[in-house]
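Analysis of the macromolecular model
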Amino acid sequence: MTSIAVIGPGAVGGTVAAWLAQKAEHAVTVCVRTPFETLAVETPEGTITATPRVAASPQSLEDGGLSPVDWVLVTTKTYDTDGTMAWLDALVGPETRVAILRNGVEHAEPFAGRIDAERLVPAVVDIPAERSAPGRVLQRRNGWIKVPAGAAGEAFAALFAHTPIAVETVADFTTEAWKKLALNCAGAVNALILKPAGVAQDEGAAEVMRTLVRECVAVGRAEGAELSDDLPDQVIAGYRAADPGSVNSLHADRAAGRPMELDARNGVIVRKGAAHGIAAPANAMVVALLNAAAL
Ligand SMILES: NC(=O)c1ccc[n+]([C@@H]2O[C@H](COP(=O)([O-])OP(=O)(O)OC[C@H]3O[C@@H](n4cnc5c(N)ncnc54)[C@H](OP(=O)(O)O)[C@@H]3O)[C@@H](O)[C@H]2O)c1
């Protein structure tokens, strides 16, 4: 039996927890802020359900003998990292591996002091999913997850072997993470003007998005990512091909009055750029404006 705890079973966490629980040899626990009885995920393959153990506090894990576990999957938003740490303290033993399924390029940083590098698995996730209620998720595509090559990455991929989610180990994780960031950083335009993907048809909005991505490419290259010159155009082509009504999570978070992953998606370009002497004024501007708008 492989024990797996998912911290933050929202859109991504609920989807992966439900898929992982489809295998009898997996004992899945979800670590929740908002409790629910069952997980039901409407997937491209049909609706799947699961009844994982639900832990509402780190103390309940210890009391129930549910820790330490073989695997922890962190699927909270980047702005909920502090609340995640108490769970980790309760779940992690000397053999526990910890996967971080989040956007951005700083998956490992917050956890590096607590978990040894060889047991930490950063993951780039492309599984479009939305939560309609606690434990209720719509998974729009089967999607994919990319993790670094190596023993821990291979073991992570094996957890998903029975699922339609394509989990791949990659030799150059840095490049994969920055490619996803290039897509995500452009989404600040949607969040700023509160208009979904279709606004990229407008050449003026598209050019602002390209400028954000050009800065991301410059900083990503300085960080060692291999990013092509036409990545800004590829990002715009992707936005234009998408459902014009689709709303990215930064936009959705702002519209709902929630915190935003602004630092992880745009602030990071400014911060890491500064460390390399590369200015990122467009990203700095969207960060300042979105922060000010949230005041
Ligand atoms: N959704 C997507 O399509 C998608 C695609 C690719 C990547 N991502 C990335 O994946 C990450 C997760 O995003 P998401 O869309 O899955 O977010 P989400 O739906 O908001 O889920 C986050 C979950 O974390 C829970 N949570 C927050 N603090 C907690 C705590 N202290 N203890 C336990 N649970 C806690 C939330 O609880 P509540 O139920 O109380 O809110 C929520 O269920 C983000 O970095 C996002 O950018 C998302």
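So, here is what we can say about the structure in this document. None of these values were measured; they are calculated from a predicted model.

Given a rise of 1.5 Å per residue, 14 residues ought to cover 20 Å, and the 21 Å separating the end C-alpha atoms of helix α5 (residues 173–186) matches this to within 8%. With eleven of 14 residues buried, α5 is to be regarded as a mostly interior element. Listing the buried residues of α5 in full gives Phe173, Thr175, Glu176, Ala177, Trp178, Lys180, Leu181, Ala182, Asn184, Cys185 and Ala186.

Let us look at the pairing of strand β6 (residues 71–74). Burial along β6 is two-sided: Trp71 and Leu73 facing one way and Val72 and Val74 facing the other are all buried. Here strand β1 (residues 2–7) pairs with β6 via four bridges, running parallel. Directly across from isoleucine 4, in β6, lies its bridge partner tryptophan 71. Here four bridges tie β6 to strand β7 (residues 97–101), and the two strands are oriented parallel to one another. Within the sheet, the bridge partner assigned to tryptophan 71 lies in β7 and is arginine 97.

Before going further, it helps to examine the site of the ligand. In the vicinity of the ligand there are 25 residues, among which Val12, Thr34, Asn103, Arg131 and Glu261 approach most closely. Side-chain polar atom of tryptophan 87 to a nitrogen atom of the ligand: 2.9 Å apart, as the coordinates give it. One of the side-chain N or O atoms of arginine 131 is found 2.6 Å from an oxygen atom in the ligand. Protein chains bury 87% of the 890 Å² of accessible surface belonging to the ligand in isolation.

The biggest cluster of nonpolar side chains holds 40 residues, and the ones touching the most others in it are Trp178, Val213 and Ile269. Elements with a minimum of two residues in this core: α5, α6 (188–193), α7 (203–222), α8 (231–241), α10 (262–275) and α11 (281–293). The element contributing the most residues to this core is α7, with eight residues. Both domain 1 (2–171) and domain 2 (175–293) contribute no fewer than three residues apiece to this core. Those residues in contact with isoleucine 269, other than ones at most four positions away along the chain, are Trp178, Leu181, Cys185, Glu215, Cys216, Val219, Ala280 and Asn283. Counting 33 residues, the second-largest nonpolar core is a separate cluster that includes Val30, Val137, Ala157 and Ile165.

Here we have four strands laid out as an open sheet, ordered β4-β3-β10-β9, and mixed in their pairing. In this open sheet, the two edge strands, each paired with only one partner strand, are β4 (46–50) and β9 (129–133). Each strand of the sheet is rotated relative to its neighbour by a mean of 20°, with strand direction disregarded. As defined by bridge partners, β9 adjoins strand β10 (residues 136–139) across four bridges and the pair is classed as antiparallel.

Procedures and definitions
- Residues numbered from 1 in each chain as written.
- Predicted model: local features only at pLDDT ≥ 70, side-chain atom pairs only at ≥ 80, totals over all residues.
- Heavy atoms only, no water.
- Helix = DSSP H or I, 4+ residues; strand = E, 2+ residues; numbered from the N terminus.
- Expected span 1.5 Å × (residues − 1).
- Buried < 20%, exposed > 50% of the residue type's maximum accessible area, 1.4 Å probe, protein only.
- Pairing = 2+ DSSP bridges.
- Near = heavy atom within 4 Å.
- Polar contact = N/O pair within 3.5 Å; in protein donor to acceptor, adjacent residues only side chain to side chain.
- Areas by Shrake-Rupley, 256 points an atom, 1.4 Å probe, with all protein chains shown as cover.
- Core = buried A, V, L, I, M, F, W, Y, C linked by side-chain atoms within 4.5 Å.
- Domains from an automatic or database assignment.
- Contact = heavy atoms within 4.5 Å.
- Axes fitted to C-alpha atoms, helices over the stretch in contact; angles between N-to-C directions.

Shape descriptors only; they carry no functional weight alone.
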